[in-house]
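Chain residues, written in single-letter form:
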Amino acid sequence: MPIDQIEDQINESLKSLVQFLGNDRCRFFEFGDDNAYINVTHSYAVEGCPRFPIGAFEVAQLPWFINEFGEGNCVFAKSIPDDLPPEADREARYCQEHGIQSNVAVPLRAGGQVLGGLTFAFIERPCSWPRETVLRLQLIGEVFAGSLLRRRTEMSLRDKIAENEQLRRRLEQENLYLREQTVLRHHHGKIVGRSDALLKVLADVERVATTDAPVLLTGETGTGKELLAQAIHELSSRSGSPMIVVNCASLPATLIESELFGRVAGAYTGAASAQIGRFELADGSTLFLDEIGEFPLELQAKLLRVLQDGKFERLGSPDSVSVNVRIIAATNRDLHQASRDGKFRTDLFHRLNVFPIRVPPLRERRDDIPSLAWSFVETFGRRMGKTIKSFPRKSMQRLQRHDWPGNVRELSNAIERAMILTDGDTLNLVMDDWGAERPARRLSLKESEKQQILDVLQETGWRIRGKGGAAELFDVKPTTLEARMARLGIRRPGNRSDDS
Ligand SMILES: Nc1ncnc2c1ncn2[C@@H]1O[C@H](COP(=O)(O)OP(=O)(O)OP(=O)(O)O)[C@@H](O)[C@H]1O
């Protein structure tokens, strides 16, 4: 019988038993913890007779009964109190108080233990309980006990299944979390920051790394394009060889060709010896073309050919060389516009732009500033042999408000300067020269709300609740503030206090 039908079945059986025995009422109960109470789960009474109430029932007042019952004995009294032993005086009193004249209680035994019982009482009159009837009741009791055991087993099985399901879901989520952590650990060797904007970039980095597709990193100067190029290379199957870097802006146009493609001896005046080019050096690896926007127009066709066919000729040689090179290019210029203006070949732009990644400027990910600042403090601290324990809150707030036209590089320089000026263990950040005079861009409503919350959180050391917590300062409930923080993507950077 399915367990959800057991309930109805017990009710039906109690009714039939009472009708058959001709007694007044009966109940079905299970033992609670430590046998300190019984839990009456089903009760039936003939018309005019009060039912025994459903629910927990203290049994400390019936020690003899519980003792007998606990040992698995049938408790049977034709006429109360005469049939009860002298030590059952409390039971006798209880029956008299409740008008019980005759009673039989059958233990429900299963699996070597008493799980509960069935009791039948005569209220109005005493009754003779023939021995055979009692034996039958015992048999019925065993059937009931079997159902009870099955119900308990199935219920605990259902609980276990539900618990397992819950565990599985949690594990799944933890796995996701772990995966996220792994992603971050992959790139986080050197890349600091956990803002949503940076996480999105890192997700793209991971996605494209394992392919051989060209990547175009765009973004302002100092945003970390080279660092990300390195991360892509390290996550790729080419990571066994070093990534080769060419800064297209730092080489005079005349030299770029031989630097990239190599030359044979005597290729041009002054080129006495042969030189292997960066493309050949990068064979089987990655070539990072930094500042690709500065790449000379006259050489762009040659570059396009290598990107398409992997073939080129060394300077001064008619022979083609084949290479297998993955290209990552970076620029802080609008290449699309440059191609429209005729300053950059459109076909080369499209070839490079297969997987563009925009690296957001620091002012679009101000959440990263505290962790970046601390990481630079540690780097320069190690180099200079200085230990900084605390970062004045006001300085950190100023750092977060600044617009950072030079982005991470500028931040790194500012911290380096501050470290040089610091003697004790509190960072001495002198900001008058750059902070005050450059009026910050006007913040959007959302940004200024976020900034205001960040300021107060800095002030309270990221304490939200309790007296002096950020919620109190804003005069809102902590849960309201937390919800607002979640909506604005505000998360505590690292675990350090900014004014420890
Ligand atoms: N997320 C970051 N975590 C740690 N350091 C960073 C991060 N982003 C940038 N840096 C550091 O900032 C400096 C500038 O970064 P990088 O050279 O990669 O920027 P870039 O965008 O390539 O700059 P440019 O356009 O001027 O070539 C480097 O010292 C780099 O290590």
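Remember, it's a predicted structure, so these values are computed and weren't measured experimentally.

Contact geometry for helix 13 (residues 393-401) and helix 16 (residues 445-459): axes closest at 10 Å, N-to-C directions at 160°. Considered as vectors, helix 13 and helix 16 are oriented roughly antiparallel to each other. Of the two elements, helix 13 crosses helix 16, and the hand of that crossing is right-handed. Contacts between helix 13 and helix 16 involve Arg-393, Met-396, Gln-397, Gln-400 and Arg-401 from the first element and Gln-451, Leu-454, Asp-455, Gln-458 and Glu-459 from the second.

Turning next to the nonpolar core. If you look at the biggest cluster of nonpolar residues, it comprises 42 residues, and the most contacted ones within it are Val-205, Leu-217, Ile-232 and Leu-287. Broken down by secondary-structure element, the contributors of at least two residues to this core are helix 5 (196-209), strand 7 (215-218), helix 6 (225-235), strand 8 (244-247), helix 7 (253-261), strand 9 (286-290), strand 12 (326-331) and helix 11 (346-352). Of the residues forming this core, the biggest block, six residues, is contributed by helix 5. Leave out the neighbours within four places in its chain, and Leu-217 touches Lys-225, Leu-228, Ala-229, Ile-328, Ala-330, Ile-357 and Val-359. Formed by 27 residues, the second largest nonpolar core is a distinct cluster that contains Leu-62, Phe-65, Phe-120 and Trp-129.

Across the 10 residues of strand 6 (residues 113-122), seven count as buried, placing the element largely inside the fold. The pairing of strand 1 (residues 25-31) with strand 6 spans six bridges and is antiparallel. When the bridges of strand 6 are listed, Arg-27 appears paired with Thr-119. Judged from the nine bridges that link them, strand 5 (residues 102-110) and strand 6 form a sheet pairing that is antiparallel. Directly across from Ser-102, in strand 6, lies its bridge partner Phe-122. Following strand 5, the chain reverses through two residues before pairing antiparallel with strand 6; Gly-111 in that reversal takes a positive phi of roughly 55°.

Next up on the list: the confidence of the model for the protein chain. In regions of low pLDDT, the predicted coordinates are not meant to be interpreted in detail. In the predicted model, the protein chain carries a mean pLDDT of 83, and the fraction of residues at 70 or more is 89%. Here residues 176-188 scores under 50 on pLDDT; set against residues more than four positions off or in separate chains, the count is nine contacts. Scored below 50 in pLDDT, residues 495-500 shows 14 contacts in the model against residues more than four places distant or in partner chains. Note on the complex model: pTM 0.56, ipTM 0.98.

Not every one of the 19 residues close to the ligand is listed here, only the nearest: Val-192, Gly-224, Lys-225, Glu-226 and Val-408. The set of elements that each furnish at least two residues to the shell around the ligand consists of helix 6 and helix 14 (407-421). A domain split of the shell around the ligand shows at least three residues from each of domain 2 (196-360) and domain 3 (363-488).

Within the secondary structure, Leu-228 sits in helix 6. Using a count of 24 C-beta atoms within 10 Å as the deciding quantity, one classes Leu-228 as buried. Through-space distance from the C-alpha of Leu-228 to that of Ile-328 is 9.9 Å; in sequence the pair is 100 residues apart. In this view, Leu-228 contacts Val-201, Val-205, Leu-217 and Val-359; residues no more than four positions away in its chain are not counted.

What follows deals with the sheet that holds strand 1. The strand order across the open sheet formed by six strands is 3-2-1-6-5-4, and the pairing between neighbours is antiparallel. Strand pairing shows two members of the sheet lacking a second neighbour, strand 3 (55-58) and strand 4 (75-77), which therefore form its edges. Between one strand and the next, the sheet's axes are offset by a mean angle of 25°, whatever the strand orientation.

Glancing now at the sheet that holds strand 13 (residues 355-358). An order of 8-9-12-7-13 is seen for the five strands of this open sheet, with the pairing classed as parallel. Looking at which strands have only one partner, the edges of the open sheet turn out to be strand 8 and strand 13. Neighbour-to-neighbour, the strand axes of this sheet turn through a mean angle of 20°, independent of strand direction. Pairing geometry for strand 7 and strand 13, over four bridges, is parallel. Looking across to strand 13, one finds that Val-215 is bridged to Phe-355.

Rules used in this analysis
Residues numbered from 1 in each chain as written. Predicted model: local features only at pLDDT ≥ 70, side-chain atom pairs only at ≥ 80, totals over all residues. Axes fitted to C-alpha atoms, helices over the stretch in contact; angles between N-to-C directions. Helix = DSSP H or I, 4+ residues; strand = E, 2+ residues; numbered from the N terminus. Parallel < 35°, antiparallel > 145°, perpendicular 65-115°, else oblique. Left-handed = near helix turned anticlockwise from the far one by under 90°. Contact = placed C-beta atoms within 7 Å. Core = buried A, V, L, I, M, F, W, Y, C linked by C-beta atoms within 7 Å. Buried ≥ 20, exposed ≤ 12 C-beta atoms within 10 Å, placed from the backbone. Pairing = 2+ DSSP bridges. pLDDT = per-residue confidence, 0-100. Near = placed C-beta within 6 Å. Domains from an automatic or database assignment.

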